[in-house]
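Listed here are the chains, written in short residue letters.
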Amino acid sequence: MKTTGSFLFLTPKFPKTANEWMKIASDFEEKWQFPHCLGAIDGKHVQIVPPKDSGSQYYNYKKTHSIVLMAIANAHCEFIYCDVGTNGRISDGGVINNTIFYERLVNNQLDIPAPEPVSFNLDLEYVFVGDDAFAMRPDLIKPYSRDSLNNERRICYYRISRARRVVENSFGILTSRFRIFNTAINFQVETIESVVLACCALHNLLRKKSVSYTSLECFDHENIIDGTIQLGARCNPDILHNLERRSGGQVLQRAKNIREKFCTYFNGEGSVSWQEKSALNV
């Protein structure tokens, strides 16, 4: 149960029905050729000037003081959910557990659609995508570890990472446009939470209303001829630290099976013409 920090269900609104989730998934399939994706999840440490007498409460693994911004992005680099305020000292692997989103996810309160067929003989679950900062679940998958890659898994690694990059671009755009993120923020913690959430809401508004807010250079571009990727906007890792990567740990067999189903799809009916070359660069 979340007891600290602030959260915001943003506009475009956080889905409340299976049909609304399916609209997000449809956008991921159309734009990123990833079916049944409900959003890309990531988090960043937002540096702060710690409150007086707070000791090591906000002291993170990078030896700075921070609160964590957790977010879910849709296929258009808009935030559909943000949570900010978890102190930087908490183990990064557990940050997501401290959010309203995760509470509702594990309690089956999000009305996520049931698995549906993507081909004649393959049903796929609806999932969020993340990276090694998060524990894999049947409804949250991440790329394979690099030391386990064969050709098929390398392609799946590329396809999951490709969909997940929307949240990296979202954070990159946010922090490049709102310069307050480029230094340790010196307000009361509750005020910092409000400022960060306001910036996220303004990011969404400007994505929709302002042509000049995001140039083409803000987004990752793939050269489908040679398989190279030109990265778009990214956070400065010296200012906004990534969440610390988790160690291996136990993974539910069902979660592994679901990722294998996506691997089968991406190497079969769901393949794209450029993935062999692009996968060589992961």
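Thresholds, definitions, all that
- Residues numbered from 1 in each chain as written.
- Predicted model: local features only at pLDDT ≥ 70, side-chain atom pairs only at ≥ 80, totals over all residues.
- Heavy atoms only, no water.
- Helix = DSSP H or I, 4+ residues; strand = E, 2+ residues; numbered from the N terminus.
- Rg over C-alpha atoms; globule rule 2.2 N^0.38 Å.
- Buried < 20%, exposed > 50% of the residue type's maximum accessible area, 1.4 Å probe, protein only.
- Core = buried A, V, L, I, M, F, W, Y, C linked by side-chain atoms within 4.5 Å.
- Contact = heavy atoms within 4.5 Å.
- 1 Å grid on protein atoms, 1.4 Å probe; cavity = no way out; pocket = protein on both sides within 12 Å on 5 of 7 lines; lining within 4 Å.
- Points joined across faces, edges and corners; volume = space filled by probe spheres on them.
- Nonpolar A, V, L, I, M, F, W, Y, C, P; charged D, E, K, R; others polar.
- Axes fitted to C-alpha atoms, helices over the stretch in contact; angles between N-to-C directions.
- Parallel < 35°, antiparallel > 145°, perpendicular 65-115°, else oblique.
- Expected span 1.5 Å × (residues − 1).
- Arc of directions from axis to C-beta.
- Polar contact = N/O pair within 3.5 Å; in protein donor to acceptor, adjacent residues only side chain to side chain.

K.L.:
Describe the overall build of the protein, listing the residues and the values that go with them.
P.N.:
Broken down by element type, the protein carries 6 helices and 11 strands. In terms of overall size, the protein behaves like a compact globule, its C-alpha atoms giving a radius of gyration of 18 Å where 282 residues would be expected to give roughly 19 Å. Seen through its principal axes, the protein has C-alpha atoms that stretch 60 × 40 × 40 Å. In the protein, which comprises 282 residues, the proportion classed as buried is 53%.

K.L.:
Before we move on, can you summarise the nonpolar core with the specific residues and values?
P.N.:
What tends to happen in soluble globular proteins is that the nonpolar side chains get buried as a cluster. Counting 86 residues, the largest nonpolar core has Phe-34, Ile-41, Leu-69, Phe-101, Phe-128, Ile-141 and Leu-174 as the members making the most contacts within it. Contacts of Ile-141, omitting those with residues within four sequence positions, involve Phe-34, Val-127, Phe-128, Val-129, Gly-130, Met-136, Ile-160, Ile-258 and Phe-262.

K.L.:
I'd like to hear about the layout of surface pockets, residue by residue, with values.
P.N.:
Considered as a void within the structure, the largest pocket measures approximately 550 Å³ in volume. Together, 19 residues line the largest pocket, and Arg-146, Tyr-157, Ser-161, Arg-164 and Arg-165 are the ones closest to its centre. Per-element tally for the lining of the largest pocket: the top contributor is helix H3 (residues 151–177), with 6 residues. Within the lining of the largest pocket, the residues separate by chemical class into 7 nonpolar, 4 polar and 8 charged.

K.L.:
Could you give an account of the packing of H3 against helix H4 (residues 189–209), naming the residues involved and the relevant values?
P.N.:
H4 packs onto H3 with a crossing angle of 105° between their chain directions and a minimal axis gap of 10 Å. Classed by the angle they form, the pair H3 and H4 counts as roughly perpendicular. Taken together, the residues of H4 that come into contact with H3 (itself represented by Ser-170, Ile-173 and Leu-174) are Cys-199, Cys-200 and His-203.

K.L.:
Just give me the short version of H4, but keep the residues and values in it.
P.N.:
In an α-helix, one turn spans 3.6 residues, which is why side chains three or four residues apart end up on the same side. An ideal rise of 1.5 Å per residue puts 30 Å on 21 residues; H4 measures up with 30 Å between its terminal C-alpha atoms. Along H4, the positions that sit buried rather than exposed are Val-189, Ile-192, Glu-193, Val-196, Leu-197, Cys-199, Cys-200, His-203, Asn-204 and Arg-207. Summarising the axial view, the buried residues of H4 lie within an arc of 145°, below the 170-degree limit, and thus occupy one face. Facing away from the buried surface of H4 by more than 90 degrees, the exposed residues are Glu-190, Lys-208 and Lys-209.

K.L.:
Go over the environment of His-76 with me, naming the residues and quoting the values.
P.N.:
Turning to its location among the elements, His-76 is positioned in the loop between strand S3 (66–73) and strand S4 (79–87). His-76 sits 93 residues away from Asn-169 along the chain, and the two C-alpha atoms are 9.8 Å apart. Apart from the residues lying within four places of it in its own chain, the contact partners of His-76 are Asp-27, Lys-31 and Arg-207. Within the structure, the side chain of His-76 is placed 3.4 Å from the side chain of Asp-27, a separation counted as a polar contact.

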